[in-house]
Amino acid sequence: MNTSEFSDVQLSFHDAELLPVGGSTCDCYRVKLYGKLHFMKRLKPEFRTDPRYVSALQKEFETGYRLDHPHLVHYVSKGDDYLLTEYVDGLTLGAFVADHPDYFKSRKNTNRFLTQLLDVVGYLHQHQVIHLDLKPSNILITRIGHDVKLTDLGYCYTDTYTDTMGRTDKYAAPEQIHGEQVDARTDIYAIGKILDTLPLPSIYNKVKARCTAEDPQKRYQSVEELQSDLQHSSRPWLIGIGVLLIMAILVGMYFMQQKSEQQLETQTQDTIVQPIPPVKSDSVTHEAIPSAKPEVQKDVSSSNQKSSSQESPSPSDKLKADIEAAVLPKFNETLGALPDSVRPGTEEWAQAGWALERKLSNTLQQLILSHQDIPMQTVAQEFNAYLQSLITLKYNQNSQTQ
């Protein structure tokens, strides 16, 4: 290594090591102070007398020094043309993904990363700091534990330092590029662009799209709102709700009634079907729950087509229609196709339930992605209520056969 490049730094810090990172205005070093490793950020020679860059370094240190968060690098001290922070043994986010290409394919890992990143960005916003340069190279992932460490407050906006000197266009929001007013939503846009660089499961597509909306009004309005949406999307039941619902209604009944299977089989002989009134659900507003029979569904579908031709459906009505179109055929092919003589709790009933579960495995996820203008939890609730209504109707119908 050519030590002449930083020999003047060695006058104050022995064994200073130039690092292969840094930006257009600063060089970076790993230095040892009192036996402890630190990270040094120092202005390049051509900027050390420029008051704009000197003041930017001062701003970064004063802003960072007063903050204390486990996922933000700790600022230690400052000299005339450099500042010191804690040294983080890890990789930038981009280098980490290159070394661990499958890491973010796990929703557990992705949720952990997002929880930590949003926690520290939200902390900055609570202290009237907007980062304004969120990007993979400013996010470190520790070698031990794979924790987030956010760095570089050089371009941040605060109550006392309102001038920002730069940005990274690839991650900068439109209002930042055009020199317009920035706020917390500007950082949220950058978070969405960062997510675009990661190999994430498709369930995060809606979150990314909302983060990166051109109009700030259409983005998440705060980190807290974004966190709330992610919490809903990360709940296991949100994607596997069909599995849990069918498990509860079908398998539970199977085990409860297994001992009386022989008696139930006797009762199914010479059965008489009783008319069943439509089942209503408090949490769903479909006009009527369609019969499990395919031929009845034809009438319902034609009725829906007539009403939709008269006026444009609202997003809520379209969601209900899409749920019906996605769920009912699969229901009619499995549980709905069972003869009325098959009693709930029998093995045949349970097998039909398993088949329905398999057919519905990705249905909710697809509905969420196709209705990005509706909150995830609302889509899940409508899906849940409609599916439960179908199963309840079929359960009542087959239970009342004589």
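Shown above is the structure to which this text applies.
How each quantity is defined
Residues numbered from 1 in each chain as written. Predicted model: local features only at pLDDT ≥ 70, side-chain atom pairs only at ≥ 80, totals over all residues. Heavy atoms only, no water. Salt bridge = Lys/Arg side-chain N within 4 Å of Asp/Glu carboxyl O. Helix = DSSP H or I, 4+ residues; strand = E, 2+ residues; numbered from the N terminus. Buried < 20%, exposed > 50% of the residue type's maximum accessible area, 1.4 Å probe, protein only. Phe/Tyr/Trp six-rings, centres within 6.5 Å; stacked < 30°, edge-to-face > 60°.

Chemist: Tell me about the pattern of salt bridges, and name the residues and values.
Modeler: Close approach of charged atoms lets side chains of opposite charge pair. Enumeration according to the criterion identifies 20 salt bridges in this entry. A salt bridge links Glu-86 to Lys-149, with the nearest nitrogen and oxygen atoms 3.4 Å apart. On the criterion of sequence distance, the pair formed by Glu-86 in strand 5 (residues 82-86) and Lys-149 in strand 9 (residues 148-150) is long-range, its members being 63 residues apart. The salt bridge involving Lys-394 is made with Asp-340; its shortest N-O contact spans 3.6 Å. On the criterion of sequence distance, the pair formed by Lys-394 in helix 15 (residues 376-399) and Asp-340 in the loop between helix 12 (315-333) and helix 13 (347-359) is long-range, its members being 54 residues apart. What makes Asp-340 buried here is its relative accessible area of 14%. Salt bridges linked by common partners bring Lys-41, Glu-60 and Asp-152 together as one network.

Chemist: How would you summarise the packing of aromatic side chains if you had to cite specific residues and measurements?
Modeler: This model, assessed by the stated rule, comprises seven aromatic pairs. With a centroid separation of 5.0 Å and 85° between ring planes, the pair formed by Phe-96 and Tyr-103 is classed as edge-to-face. Each member of the pair, Phe-96 as well as Tyr-103, is classed as buried. Following the ring pairs from residue to residue traces out a cluster consisting of Phe-96, Tyr-103, Phe-104 and Phe-113.

Chemist: Kindly report on unusual backbone geometry, identifying the contributing residues and their values.
Modeler: The phi torsion at Leu-132 lies on the positive side, around 70°, for a residue other than glycine. Tracing the backbone shows Leu-132 in the loop between strand 7 (129-130) and strand 8 (139-142). Look at Leu-132 and you get buried, because its relative accessible area is 6%. Its identity is not glycine, yet Asp-152 carries a phi of approximately 65°, on the positive side. As for its placement among the helices and strands, Asp-152 is situated in the loop between strand 9 and strand 10 (157-158).

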